[in-house]
Amino acid sequence: MQYSEALDYLYSRLPVYHRIGPKAIKPGLTNTLRLCAALGNPQHKFKSIHVGGTNGKGSTAHMLAAVYQAAGYRVGLYTSPHLRSFTERIRINGQPIDEEDVADFVTSQQALIESVEPSFFEVTVALAFLYFAYQEVDVAVIEVGLGGRLDSTNVITPAASVITNIGFDHMDILGDTLPAIAAEKAGIIKTGIPVIIGETHPETEPVFRSKATQEAAPITFADQQVRVQDQGLFTGFRQVLVSQDGESDSRFELGLTGGYQRHNLAAVLATVDTLQSVWPVSTEALQRGVREVVTLTGLKGRFQLLSEEPRVFVDTAHNKPGLEALMETVSSLSFDNLRIVMGVVADKAASSLLLTLPSSAIYYFCQASSPRSLPAILLQAEAAEVARFGEVYSDVNIALDAARLDAQANDVILITGSNYVVAELIDL
């Protein structure tokens, strides 16, 4: 198969979450284990760091990868979903897997795929693990897809497990209370393997401590050991002061400029510190990694500035805690009007998301081409019920053009609500 044929085969034959939602999930690890066994168990042939959580796991995974890359290691990075190209999901030192390698894998493993009948995500995980093993990476940073306990990535035995935070998302799958969701996320905690929790919460801390005790896993709550003070945005970077273990303050410049990244930075620093004996990292490499994360890893869509006058930001926040964190950053800016270009998926509670956004903003409702997208006309109607008003546009680019046409130089335009909407931006 050629690359396009291989992707068409996977999309047409296998259940794909970003197209049909929860129906694409095949609970349990059986399929992934069968795939990996047939491939020679590549998940055991490289060292790894496992990163889960409700929000921030993608940013944290990219920052960790960038730090170890800056320190001179050969670093694999597995994340999902992709924005533009499927190959973004599997990277080594920031370079996506070659399209030819994807095509060769699908062609050579077609009989296996048809025998196991896995999901799209399970095949992708198996491909990533085989690729990282073949490429002999020094470390692979593996982002959990959804949940943790039953996620396909949970067949690895990492050097450390990282759980960024717990919030309400995917409640139909993970549970409708924070402790229930935390219990699913805590499923990545392994026997004797250190675990780093990014943010302490009174409802979830006991869940993590109990699981860590059960597994005899050393546990660190990053925000209890690392203090990160936001100093604001200057020269295109988020400036922060870090206090750690009684040492004098260190200044870091974050290439991911959202104010919420200070929480992710604490998790990154605590993880690097925990693994210092496995992969030594200098202060200089730490600082370069978090500063140059975008260029080192290719990450997009995290409070990314697309243009000036008017300022246009794009952020993939798509659940209530993510949007709340995003609005904290937006509210720290000075502007005349806030214009929000927004689309969401149909299985989110749109009114709950809208209530995290200001009623004073001017809205431009759109939808992605994904079958999971909520039609923009329905989003507009739900928004009107909570006093958020705006016009409907057929796609995100037309909506952005309209917002730019309406905007004054000191306005801010924010594009958010869904990975799938962000993925369709021409200017990304």
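Provided above is the structure to which this section pertains.
Reading guide: rules and limits
Residues numbered from 1 in each chain as written. Predicted model: local features only at pLDDT ≥ 70, side-chain atom pairs only at ≥ 80, totals over all residues. Heavy atoms only, no water. Helix = DSSP H or I, 4+ residues; strand = E, 2+ residues; numbered from the N terminus. Rg over C-alpha atoms; globule rule 2.2 N^0.38 Å. Buried < 20%, exposed > 50% of the residue type's maximum accessible area, 1.4 Å probe, protein only. Contact = heavy atoms within 4.5 Å. Salt bridge = Lys/Arg side-chain N within 4 Å of Asp/Glu carboxyl O. Arc of directions from axis to C-beta. Core = buried A, V, L, I, M, F, W, Y, C linked by side-chain atoms within 4.5 Å. Pairing = 2+ DSSP bridges. 1 Å grid on protein atoms, 1.4 Å probe; cavity = no way out; pocket = protein on both sides within 12 Å on 5 of 7 lines; lining within 4 Å. Points joined across faces, edges and corners; volume = space filled by probe spheres on them. Nonpolar A, V, L, I, M, F, W, Y, C, P; charged D, E, K, R; others polar. Axes fitted to C-alpha atoms, helices over the stretch in contact; angles between N-to-C directions. Parallel < 35°, antiparallel > 145°, perpendicular 65-115°, else oblique. Left-handed = near helix turned anticlockwise from the far one by under 90°.

## Focus on the overall build of the protein
Then comes step 1: The number of helices and strands found in the protein is 19 helices and 17 strands.
Then comes step 2: For 428 residues, the compact-globule formula gives about 22 Å, and the C-alpha radius of gyration of the protein, at 21 Å, lands near that figure.
Then comes step 3: The C-alpha extent of the protein, read off along each of the three principal axes, is 55 × 55 × 40 Å.
Then comes step 4: A buried classification covers 59% of the 428 residues belonging to the protein.
Then comes step 5: Sequence separation of at least 24 residues holds for 72% of the intrachain contacts in the protein that already meet a minimum separation of 6.

## Quick word on the pattern of salt bridges
Any two side chains of opposite charge can pair, given that their charged atoms come close.
Then comes step 1: Per the counting criterion, the structure on display carries 10 salt bridges.
Then comes step 2: For glutamate 215, the salt bridge goes to lysine 211, with nearest N and O atoms at 3.1 Å.
Then comes step 3: Residue glutamate 292 pairs with arginine 288 through a salt bridge whose shortest N-O separation is 3.0 Å.
Then comes step 4: Taking relative accessible area as the criterion, glutamate 292 reaches 26% and is therefore assigned partly exposed.

## Quick word on helix 17 (residues 376-385)
Then comes step 1: Turning to helix 17, its buried residues number three or more, namely Ala376, Leu379 and Ala383. Down the axis of helix 17, the buried side of the element spans an arc of 55 degrees, and every buried residue falls inside it. In helix 17, the exposed residues that point more than 90 degrees away from the buried face are Ile377 and Glu385.
Then comes step 2: Looking at the buried positions of helix 17, the neighbouring elements they touch are strand 14 (338-342), helix 16 (350-354), strand 15 (362-365) and strand 16 (390-392).

## Some thoughts on the nonpolar core
Then comes step 1: Counting residues in each nonpolar core, the largest one holds 42 residues, and the members touching the most others are Ile49, Tyr68, Phe252 and Leu265.
Then comes step 2: Looking at this core element by element, the count peaks at 8 residues for helix 4 (residues 57-70).
Then comes step 3: In this structure phenylalanine 252 touches Arg238, Gln239, Val240, Val242, Leu265, Leu269, Leu286, Gln287 and Val290, once residues within four positions along its chain are discounted.
Then comes step 4: Counting 41 residues, the second-largest nonpolar core is a separate cluster that includes Tyr3, Leu7, Ile90 and Phe132.

## Brief notes about the pairing of strand 5 (residues 139-143)
Then comes step 1: Here strand 5 lies mainly inside the structure; 5 of its 5 residues are buried.
Then comes step 2: Residues Val139, Val141 and Glu143 point to one face of strand 5 and Ala140 and Ile142 to the other, with burial holding for every one of them.
Then comes step 3: Bridging between strand 1 (residues 48-52) and strand 5 involves 4 bridges; their strand directions are parallel. Across the sheet, isoleucine 49 pairs through a bridge with valine 141, a residue of strand 5.
Then comes step 4: Where strand 2 (residues 75-78) and strand 5 come together, 4 bridges link them in parallel fashion. Bridge pairing in strand 5 links tyrosine 78 to isoleucine 142.

## Some thoughts on empty space enclosed by the protein
Then comes step 1: Tallying each qualifying case throughout the model produces 1 cavity of 30 Å³ or more.
Then comes step 2: If you add up the space inside the largest cavity, you get close to 40 Å³.
Then comes step 3: Those elements giving two or more residues to the lining of the largest cavity turn out to be helix 4, strand 2, strand 3 (90-92) and helix 14 (293-297).
Then comes step 4: When residues of the lining of the largest cavity are assigned to their parent elements, the largest contribution, 3 residues, is made by strand 2.
Then comes step 5: Grouping the constituent residues of the lining of the largest cavity by class yields 5 nonpolar, 5 polar and 1 charged.

## Some details on unusual backbone geometry
Then comes step 1: Cis geometry is found at the peptide bond from serine 80 to proline 81, where omega equals -10 degrees.
Then comes step 2: Mapped onto the elements of the fold, proline 81 is located in the loop between strand 2 and strand 3.
Then comes step 3: Here the phi dihedral of asparagine 93 falls at roughly 45 degrees; this positive angle occurs in a residue that is not glycine.
Then comes step 4: Summarising the element assignment, asparagine 93 is placed in the loop between strand 3 and strand 4 (95-96).
Then comes step 5: With a relative accessible area of 28%, asparagine 93 lands in the partly exposed category.

## Digging into the sheet that holds strand 15
Then comes step 1: A sheet is described by the order of its strands in space; here 6 strands give the open sequence 12-13-17-14-15-16, paired in mixed fashion. Only two strands of the sheet have a single partner each, and these edge strands are strand 12 (304-307) and strand 16. When the angles between neighbouring strand axes are averaged without regard to direction, this sheet yields 20 degrees.
Then comes step 2: Sheet strands in contact with helix 15 (residues 320-330) are strand 14 and strand 17 (412-416), and its direction is about 165 degrees off that of strand 17.
Then comes step 3: Helix-sheet contacts for helix 17 involve strand 14, strand 15 and strand 16, and the interaxial angle to strand 16 is about 160 degrees.

## Observations regarding the packing of helix 4 against helix 13 (residues 283-291)
Then comes step 1: The N-to-C vectors of helix 4 and helix 13 enclose an angle of 135 degrees; their axes lie 7 Å apart at closest approach. Relative to helix 13, the element helix 4 is oriented oblique. Along this stretch, helix 4 crosses helix 13, giving a crossing that reads as right-handed. Of helix 13, the residues touching helix 4 (which contributes Met63, Ala66, Val67 and Ala70) are Ala285, Leu286, Arg288, Gly289 and Val290.
Then comes step 2: A breakdown of the residues in the contact of helix 4 with helix 13 according to their chemical character gives 7 nonpolar, 1 polar and 1 charged.

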